[in-house]
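# Architecture and fold: a report
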Amino acid sequence: MQFFTAQPRSPSLFWITLTALLMLTALPRIASAEALLLVEADTGKVLQAENATYPWYPASVTKIMTAYVTLKAVKEGRLTLDSLLTVSPVAAAQSPSKMGFAPGTQITVDNALKMMMVKSANDIAVVLAEGVGGSVDGFSEMMNATAQRLGMTQTHYVNPNGLPAEGQVTSARDLAILARAMLRDLPEYEYFVHIPAIRFGKRVTHNFNKLIGRYPGADGFKTGFICASGYNLVASATRNGRRLIAVVLGANSGQDRAVKAAQLLERGFSANTLAWLTPSLGTVDNLAPIDATPPNLRDEMCGPKRKRPASDEDEQVASVIANGDTVLSMFSPPALRPVDMIAAAPAPTEPVQVYTGPTRTGADLIAAAARDAERQAAAGKKTTASKKSAKRKDAPKEAAAGEKQNGRTTVTIDTSKPKPANAKPAAANPVTAKPAAAKPASAKQATTKPAGKPGTPAATDRPAATAKPKAAAASPGPKSASGEAKPGT
């Protein structure tokens, strides 16, 4: 009697399905559209990695490489921190965030680096690029050569500021390699990566890196944002002589990226005594790059579903982060959660004075700062006056369009013909007024106020029926010249 049948030569459907599922599970995924990486600065040892070798749009963390190439040129004697650079028309035309200097303005390399790293000024990044490399393209070649020399195999640069450009890409792995190189090769210039704030004239700008002055031991590096990349941050902190580097790419807000970086750093510092329990992830240089297309987060960051415009000045409190905001330790609990650290006000600090013109000290520095403040005030008055003039000029035309403003309907009264003495005012009783009474005025508007003439209602207004075709072209929100919502910071 035969009790067993012969096994089929081909695998069963169950095993085929199971194998396929296991393969899919093993494949790298980026479902969270976010990359996280934590490494030791000295050794390069990887403490945590998630999507760390996925290609990513760098945004303004590009400026870390701009600073590295510039400071290497200073160290090698090709220029000095006191060298004067001139703002070109190309630099002045960059999209915000920027200092807004007119072409011909001169600044030192020292002041330019401070403005770029704290303000994340896109125009100043181009000033440095042209001063060091002769042109944006020439400097980009220097950036790419440096990236290859450092082993940043997933990185390619097109410009020095990180504004959207075809082919500009990096990864969390490569950014950690760059941060380590900055600390290793240029320790004497480390100051530039953790300046809390700068003062230009009367304007004080705080570092967009929210860890500076909030997270204990925070001492670097740079933030970045464009719609396609989300909120990026390369951060570092030192405790008891041990320095860690955290990279966060694709966070949902400026607050969110800072909290996530603080969480990574806190875990790294707290878990040091239990490191033997976790499997080794190797060093950052040995992480295997993934050949993929960078995720485009434009719809999530700047799409119509976002409740508020995305920008690097986002002050949204990250209290929505519920998972992992408390780092548990079997020895001693943290005094303050990362989310609370980042939500707190920064430690008081005296902003670093920056200015235009050659290097100055003492009374000359005070005078230079005063002149910059006077120019600021004059430019501000000029801008305010032009805005008021434009508002007065457009007000009669906007009022005559019959559109809804702030929930009210503006009724147009035709005063071109004398009214009979016994005629009732058109707006005397808007509740009982008949629609027919308004038709002649509306018709007259259609013939005398075509949609293409100046004075069309602003994009935030609601035009009446006669103006609907024009309203369709309105922009959904504030955008920079590059099409991004306040990119670059």
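In this text, all values refer to a predicted model and were calculated from it rather than measured experimentally. (Residues numbered from 1 in each chain as written. Predicted model: local features only at pLDDT ≥ 70, side-chain atom pairs only at ≥ 80, totals over all residues. Heavy atoms only, no water.)

Moving on, we come to helix α2 (residues 62-75). Between the first and last C-alpha of α2 there are 20 Å, a value that for 14 residues agrees with the 20 Å anticipated at 1.5 Å per step. α2 sits mainly inside the fold: twelve of its 14 residues count as buried. When we look at burial in α2, the residues that qualify are Thr62, Lys63, Ile64, Met65, Thr66, Ala67, Tyr68, Val69, Thr70, Leu71, Ala73 and Val74. Residues of α2 that are buried make contact with α4 (109-119), α5 (122-133), α6 (136-150), α7 (172-185), β7 (218-226) and β8 (230-239). Positioned one or two residues after α2, Gly77 has a phi angle of 85 degrees, which is positive. (Helix = DSSP H or I, 4+ residues; strand = E, 2+ residues; numbered from the N terminus. Expected span 1.5 Å × (residues − 1). Buried < 20%, exposed > 50% of the residue type's maximum accessible area, 1.4 Å probe, protein only. Contact = heavy atoms within 4.5 Å.)

Moving on, we come to the sheet that holds β8. With antiparallel pairing, five strands are arranged side by side in an open sheet as β2-β1-β9-β8-β7. Each of the sheet's edge strands pairs with one partner strand only, and the pair in question is β2 (46-50) and β7. This sheet shows a mean twist of 10 degrees between the axes of neighbouring strands, independent of strand direction. Across eight bridges, β8 lies against strand β9 (residues 242-251) in antiparallel orientation. Bridging from a neighbouring strand, Thr238 pairs with Arg243 of β9. α7 contacts β1 (35-40), β7, β8 and β9 of the sheet and is inclined by roughly 145 degrees relative to β9. In the packing of helix α8 (residues 254-270) onto the sheet, the strands contacted are β1, β2, β7, β8 and β9, and the crossing angle to β9 comes to about 145 degrees. (Pairing = 2+ DSSP bridges. Axes fitted to C-alpha atoms, helices over the stretch in contact; angles between N-to-C directions.)

With that settled, the discussion passes to the pairing of β7. In terms of burial, β7 is a largely internal element, nine of the nine residues being buried. One ladder, built from eight bridges, connects β7 with β8; its direction is antiparallel. Across the sheet, Gly224 pairs through a bridge with Asn232, a residue of β8. A loop of three residues connects β7 with β8, the two strands running antiparallel in sequence.

So, on to the environment of Asp372. Turning to its location among the elements, Asp372 is positioned in helix α11 (residues 362-399). Using a relative accessible area of 2% as the deciding quantity, one classes Asp372 as buried. Distance from Asp372 to Lys202, taken between C-alpha atoms, is 8.3 Å for residues 170 residues apart in sequence. If we ignore the near neighbours within four places in the chain, the residues touching Asp372 are Phe200, Gly201, Val354, Tyr355 and Thr356.

Scanning the entire structure with this criterion turns up one disulfide. One disulfide in the model links Cys227 with Cys302; its S-S distance is 1.9 Å. Handedness here is read from the sign of the S-S torsion; for Cys227 and Cys302, about -90 degrees, the answer is left-handed. Separated by 75 residues along the polypeptide, Cys227 in the loop between β7 and β8 and Cys302 in helix α9 (residues 298-302) bring together distant segments of the chain. By relative accessible area, Cys227 is classed as buried at 1%. Assessed through its relative accessible area of 26%, Cys302 is described here as partly exposed. (Disulfide = S-S within 2.5 Å.)

A side chain with one charge may pair with a side chain of the opposite charge, provided their charged atoms come close. On inspection of all chains with the given rule, the structure shows 15 salt bridges. The partner of Arg243 in a salt bridge is Glu190, with the nearest N and O atoms 2.9 Å apart. With Arg243 in strand β9 and Glu190 in the loop between α7 and β5 (197-200), this pair connects stretches of sequence that are 53 residues apart. The class for Arg243 is buried, based on a relative accessible area of 12%. A relative accessible area of 22% places Glu190 in the partly exposed class. Of the charged contacts in the structure, one is a salt bridge between Asp372 and Arg375, with a shortest N-O distance of 3.0 Å. Remark: Arg375 and Asp372 occur in helix α11; sequence separation between them is three residues, near one turn of the helix. When salt bridges that share partners are traced, they join Glu34, Asp256 and Lys260 into one network. (Salt bridge = Lys/Arg side-chain N within 4 Å of Asp/Glu carboxyl O.)

Residues at a pLDDT of 70 or more form 64% of the protein chain, whose mean pLDDT is 77. The low-confidence segment residues 16-31 (pLDDT under 50) makes nine contacts with residues lying over four places distant or belonging to another chain. Taken together, the stretch residues 423-485 has pLDDT below 50 and engages in 48 contacts with residues farther than four places along the chain or on a different chain. (pLDDT = per-residue confidence, 0-100.)

Moving on to the nonpolar core. Core analysis: the biggest nonpolar cluster contains 99 residues, and Leu37 and Leu211 have the highest contact counts within it. It is α7 that provides the largest number of residues to this core, a total of nine residues. What Leu211 contacts, discounting residues up to four positions off in sequence, is Ala218, Leu233, Ala235, Ala258, Ala261, Ala262, Leu265 and Ile342. (Core = buried A, V, L, I, M, F, W, Y, C linked by side-chain atoms within 4.5 Å.)

Moving on to the sheet that holds strand β6 (residues 203-206). Pairing in this open sheet of three strands is mixed, and the strands run β6-β5-β10 from one edge to the other. The open sheet has two edge strands, β6 and β10 (352-354), and neither has a second partner. Each strand of the sheet is rotated relative to its neighbour by a mean of 30 degrees, with strand direction disregarded. For β5 and β6, the ladder comprises four bridges, and the chain directions are antiparallel. Across the sheet, residue Phe200 finds its bridge partner in β6, namely Arg203. This element, α4, spans β5, β6 and β10 of the sheet and lies at about 120 degrees to β5.

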